[in-house]
Amino acid sequence: MTISSETALGRTRRARRIGRALTEAHPDAHCELDHSSPLELAVATILSAQCTDKKVNEVTPKLFVRYPSAADYAGADRTELEELIRPTGFYRNKTDSLIKLGQALVERYDGQVPGKLADLVTLPGIGRKTANVILGNAFGVPGITVDTHFQRLVGRWGLTTQTDPVKIEHEIGALFPKREWTMLSHRIIFHGRRVCHARKPACGACTLAKLCPSYGTGPTEPALAAKLLKGPRARDLAAAAGVDPALVPQQAVVAEVP
Ligand code: SF4
């Protein structure tokens, strides 16, 4: 398909179709960082920089028990905190962010994570992307999370030509009802991690093929594409795209998603 002659209305309609196809393809989409409070999610999101969510989830149970409040991070022993979060990489910088985050929350917000974007982005270690993750998943305020997967996929779909994350957030936000923003973000990120990979997207086993102007960026041959799917639902994803699930190797099913 070509998008050069697509009208604004046509683009909105195609975007909504993509949204519906993603809803069907990824019924399991959710925030992949384990948390039970805004503070835990803020901490997990800081730790997730340059690190897989899986690795973060291995580290956080111990961390959350040891540091249950903002005051605990504010007064943390640096060496002990560094040791606990070391497996997530960049642990010195992350320790710095966590201690400063704890201090700022205690000093300015009575130890509570605020529920407004304008306040969240003033906190150490919390950029706009992180703030939207926290708003959407810990406060139920719709938010679009433009991470590397999101940016790559909406570009491949020709839904925006913007490269600045804030502009992407606004352009994509205008194509979808606000109430859908948080789940839409999860589904796009799920699709990016499991199907539409950065280097070799599984075009031949993708349910969005008919809606995507970048179809053909990756292998279109079903047998090749099926091998590129990832995650526990890789065979369901193949079946949904009309590809024989038996073509998906076991290693794809158990593969760690990036
Ligand atoms: S058809 Fe290919 S490029 Fe388009 S969304 Fe699917 S995997 Fe990505």
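Keep in mind that what you see is a predicted model, and the values were worked out from it rather than measured.

1. Topic: the packing of helix H2 (residues 38–47) against helix H3 (residues 53–66)
And step 1. Packing of H2 against H3 brings their axes to within 10 Å, and their N-to-C directions diverge by 140 degrees. Considering the angle they form, H2 stands oblique to H3. Crossing handedness for the pair H2 and H3: right-handed. Residue-level contacts link Glu40, Val43, Ala44 and Leu47 of H2 to Val56, Val59, Thr60, Leu63 and Phe64 of H3.
And step 2. Across the contact of H2 with H3, the residue classes tally to seven nonpolar, one polar and one charged.

2. Quick word on the site of the ligand
And step 1. Neighbouring residues of the ligand: Arg156, Trp157, Cys196, Pro201, Ala202, Cys203, Cys206, Ala209, Cys212, Ser214 and Tyr215.
And step 2. Spatially, the ligand is embedded in the largest cavity.

3. Quick notes on the packing of helix H9 (residues 148–156) against helix H11 (residues 181–194)
And step 1. Interhelical geometry of H9 versus H11 gives an angle of 85 degrees and a closest axis separation of 8 Å. By the angle class used here, H9 and H11 are roughly perpendicular. Contact with H9, carried on its side by His149, Phe150, Arg152, Leu153 and Val154, involves Ser185, Ile188, Ile189, His191, Gly192 and Arg193 of H11 and no other residues of that element.
And step 2. Considering only residue class, the contact of H9 with H11 consists of five nonpolar, four polar and two charged.

Definitions and limits used
- Residues numbered from 1 in each chain as written.
- Predicted model: local features only at pLDDT ≥ 70, side-chain atom pairs only at ≥ 80, totals over all residues.
- Heavy atoms only, no water.
- Axes fitted to C-alpha atoms, helices over the stretch in contact; angles between N-to-C directions.
- Helix = DSSP H or I, 4+ residues; strand = E, 2+ residues; numbered from the N terminus.
- Parallel < 35°, antiparallel > 145°, perpendicular 65-115°, else oblique.
- Left-handed = near helix turned anticlockwise from the far one by under 90°.
- Contact = heavy atoms within 4.5 Å.
- Nonpolar A, V, L, I, M, F, W, Y, C, P; charged D, E, K, R; others polar.
- Near = heavy atom within 4 Å.
- 1 Å grid on protein atoms, 1.4 Å probe; cavity = no way out; pocket = protein on both sides within 12 Å on 5 of 7 lines; lining within 4 Å.
- Sits in = over half its atoms within 2 Å of the grid points.

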